[in-house]
Amino acid sequence: MCGIAGRILNAPGRVGNDLVELMDAQEHRGADSTGFAVYGIPRDSGYILRGMGFNKARLDSDLEEFRLLLKEHGSDFLEDPTFVTSDAAHYCARMVISDPKDLAGWVKDADTISDSFEVQSCGRSLEIVKDTGGAVEVADKHGVRDMIGTHGLGHARLATESSVLPNASHPFWARPFSDVAIVHNGQITNYFTWRDRLHRLGYRFLTENDSELIAVWVSHEMSQGLTMEQALKLSIKQIDGVFTYMIARQDGIGFAKDRYAMKPLVVVWQDGEFAAATEEQAVRRIYPGESEVINYDGPSITEIWGVGNRRAAA
Amino acid sequence: MSEIVIDVGQRPIREINEEIQTACKTAKPIVVRNTLSRHNLGIGLPPGVDITFEGSVGYYCAGLNTGATVTVEKNAGWAVAEGMSDGFVTVGGYAGMSCGAAMIGGLIHVKGNSGPRCGVAMKGGNIVVEGKIGYQSGFMSHAGKIIALGGAGESCADALWQGEVWVAGEIDSLGVDVNVVEPTAEEVAEVDAILDPLGLVDTSRNWRKMISGQRLWYFESRDANAWLMI
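Residues numbered from 1 in each chain as written. Chains lettered and ligands numbered in written order. Predicted model: local features only at pLDDT ≥ 70, side-chain atom pairs only at ≥ 80, totals over all residues. Heavy atoms only, no water.

(A) Just the packing of helix α2 (residues 59-72) of chain A against helix α3 (residues 103-110) of chain A, in detail. Residues and elements named next belong to chain A. Two numbers describe how α2 lies on α3: the axes approach to 10 Å, and their chain directions differ by 155°. On the basis of their axis angle, the class for α2 and α3 is roughly antiparallel. The interaxial crossing formed by α2 with α3 has right-handed handedness. Touching Phe66, Leu69 and Leu70 of α2 are Trp106, Asp109 and Ala110, all from α3. Among the residues forming the contact of α2 with α3, the class breakdown is 5 nonpolar, no polar and 1 charged. (Axes fitted to C-alpha atoms, helices over the stretch in contact; angles between N-to-C directions. Helix = DSSP H or I, 4+ residues; strand = E, 2+ residues; numbered from the N terminus. Parallel < 35°, antiparallel > 145°, perpendicular 65-115°, else oblique. Left-handed = near helix turned anticlockwise from the far one by under 90°. Contact = heavy atoms within 4.5 Å. Nonpolar A, V, L, I, M, F, W, Y, C, P; charged D, E, K, R; others polar.)

(B) Highlighting the state of the cysteines. Inspection of the entire model under this criterion finds 0 disulfides over all chains. No disulfide involves Cys122 of chain A; its sulfur sits 17 Å from that of Cys92 of chain A, the nearest cysteine. According to the relative accessible area criterion, Cys122 of chain A is buried, its value standing at 0%. The structure places no disulfide on Cys99 of chain B, whose sulfur is separated from the nearest cysteine sulfur, that of Cys118 of chain B, by 4.3 Å. With relative accessibility at 0%, the residue Cys99 of chain B sits in the buried group. (Disulfide = S-S within 2.5 Å. Buried < 20%, exposed > 50% of the residue type's maximum accessible area, 1.4 Å probe, protein only.)

(C) Region of the structure containing the sheet that holds strand β15 (residues 294-295) of chain A. Residue and element names in this part refer to chain A. One open sheet accounts for 7 strands, arranged β7-β2-β8-β1-β14-β13-β15; its pairing is antiparallel. The open sheet terminates on both sides in strands that have one partner only, identified here as β7 (126-132) and β15. Inspection of the sheet shows strand β2 (residues 33-39) paired to β7 by 7 bridges, in the antiparallel sense. The partner of Ser33 across the bridge, within β7, is Thr132. Lying on the sheet, helix α1 (residues 15-24) is in contact with β1 (3-13), β2, β8 (149-157) and β14 (273-277); it crosses β1 at an angle near 155°. In the packing of helix α4 (residues 135-142) onto the sheet, the strands contacted are β2 and β7, and the crossing angle to β7 comes to about 125°. (Pairing = 2+ DSSP bridges.)

(D) Layout of the domain arrangement of chain A. Residue and element names in this part refer to chain A. Considered domain by domain, chain A is made up of domain 1 (3-42 + 127-306) and domain 2 (45-124). For domain 1 versus domain 2, the distance between C-alpha centres works out to 23 Å. On the domain 2 side, the residues contacting the 20 residues of domain 1 number 23 residues. Taking both partners together, domain 1 and domain 2 bury about 1,900 Å²; carbon and sulfur atoms supply 56% of that area. Of all residues in domain 1, Glu127, Trp173 and Arg204 bury the most surface against domain 2, accounting for 27% of the area lost on that side. Along the contact surface separating domain 1 from domain 2 lie 3 salt bridges. A salt bridge links Asp111 to Arg175, with the nearest nitrogen and oxygen atoms 2.7 Å apart. Counting across the domain 1 and domain 2 interface gives 12 residue pairs in polar contact (both at pLDDT 80 or more). The set of elements that each furnish at least two residues to the side of domain 1 that touches domain 2 consists of β7 and α4. With 5 residues, β7 is the single largest residue contributor to the side of domain 1 that touches domain 2. Split into classes, the residues belonging to the side of domain 1 that touches domain 2 amount to 9 nonpolar, 4 polar and 7 charged. (Domains from an automatic or database assignment. Buried area = accessible area lost by both parts, 1.4 Å probe. Salt bridge = Lys/Arg side-chain N within 4 Å of Asp/Glu carboxyl O. Polar contact = N/O pair within 3.5 Å; in protein donor to acceptor, adjacent residues only side chain to side chain.)

(E) Region of the structure containing the side chain of Gln136 of chain B. Position of Gln136 of chain B among the secondary structure elements: in the loop between β7 (123-129) and β8 (143-148). A distance of 2.7 Å separates polar atoms of two side chains, one belonging to Gln136 of chain B and the other to Arg117 of chain B.

(F) Quick peek at the interface of chain B and chain A. Listed per partner, the contact involves 20 residues of chain B and 19 residues of chain A. Counting across the interface, chain B meets chain A through 1 salt bridge. Ionic pairing is found between Lys74 of chain B and Glu290 of chain A, a salt bridge with its closest N-O pair at 3.4 Å. Our enumeration of links across chain B and chain A arrives at 10 residue pairs in polar contact (both at pLDDT 80 or more). Each residue belonging to the side of chain B that touches chain A can be placed in one class, and the counts come to 9 nonpolar, 7 polar and 4 charged.

(G) Molecular detail of empty space enclosed by the protein. Here the structure, examined in full by the defined rule, presents 5 cavities of 30 Å³ or more. By volume, the largest cavity is sized at about 110 Å³. Looking at the largest cavity, it is lined by 16 residues, and the ones nearest its centre are Val266 and Asn295 of chain A together with Tyr59, Gly77 and Trp78 of chain B. Its residues placed into classes, the lining of the largest cavity shows 6 nonpolar, 7 polar and 3 charged. The computed volume of the second largest cavity comes to approximately 80 Å³. Looking at the second largest cavity, it is lined by 14 residues, and the ones nearest its centre are Cys2, Leu158, Thr160, Gly186 and Asp210 of chain A. Element by element, the count of residues in the lining of the second largest cavity is highest for strand β10 (residues 181-188) of chain A, at 3 residues. Looking at side-chain class alone, the lining of the second largest cavity contains 4 nonpolar, 7 polar and 3 charged residues. (1 Å grid on protein atoms, 1.4 Å probe; cavity = no way out; pocket = protein on both sides within 12 Å on 5 of 7 lines; lining within 4 Å. Points joined across faces, edges and corners; volume = space filled by probe spheres on them.)

So this is what it looks like as structure tokens:
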């Protein structure tokens, strides 16, 4: 059991705060780990990176190694990286970099050092923050409530198929495509079959979490030229198990649900704004009054909600 | 007779349920307000109680009901009246997944549609849905009747055991091991007797009654394919 959430605002605003509320209301669905994907006001050039190093004593050498890889691809830091450390062994980093010459090629090289430092999101707009702990704990540690943006995803994890580790938390970035993130509620039963198949095609898995498969699978289908709508529909046929997952991009949020109709999604979609969660009571943190609630309860369904104005003043 | 009003808000559910149980002892009608779609409201209600939940409720509302008359004004989340042994539960809007799961008696009346697996594993009582029943409704139902007046979703009456699913309207598809039979006039009269107190009798309905094909009652390895849902 996990909890997922999505939020779209009419114009840039406190989307981080709303996602924290949606996830705090669903903490009983899984308090192992919590994560957020927030889409801020997009940059014209350069990428925002979020990442995690697994040994904070090695922070300086990780950074040096990482910067060398950037420079090899014609990129460098545009701002000084910032770090969040705690009692835990790992640390989290936020960086802003200039465009590498070939994003996919750089991601592939950066992933060669993922045992020590893992890039967890890359986007003009997307920032993924994830860690072990409940919604408020993770939000306070990483300042999620203050993140301004237009839309985003949230996830509360109850680990059922693999260990509780900070980097095994959701959301997962569909590397190497910038600004694509997924959150998943459920279990993937043909995980190993697909993992083997994608591994042979050259994709790298950074965790043992079955949900990561969806992100990698989506990356592969996008590289084959599928649209989001086509990928969502195809996933219901090709991915086996119980799932309701959401995928976010710069232009909107999509969702797909398995053919067994096991995992719920509750949506309020009014005046161009959107709030979705596994449970209705979470959506009511955003819309306390009685509103038109849509239950996506049927089998094999997909939907895409678009984001309107991304740059209007907050 | 004045009513007892209980406000939910963000207070602990245990505290609210204790207040509801205390109010049940007074024989006054109970109104629960500001429910915010929260879970587990009104569990294990005693017989003779009249309780109304304003707006929508979350999961398991009126679970283990032993005889109360419960009204949910708007929508109910998962498994409303789960495990009910007796009583009458009305949902004004949509009833979420697994409505009446494993109930053994009483009546549920849903005025809107119901979600997937309505009446899953029910062992008695009746469920009347004015709208459409969702995917796989009646899944492994052992006894009792699920009566849908507005059609049924996919995989209707899947792996039904000994219960009955009655549908007026379109059925998107049938589940595994289901027989559709023509009901007798006596059987229709039995269903109408359930619908009559709800004011829902309509003699022009073209009923389809679904019962178990009984192939899944005994495992035969040569029939293994029948056990695969898809």
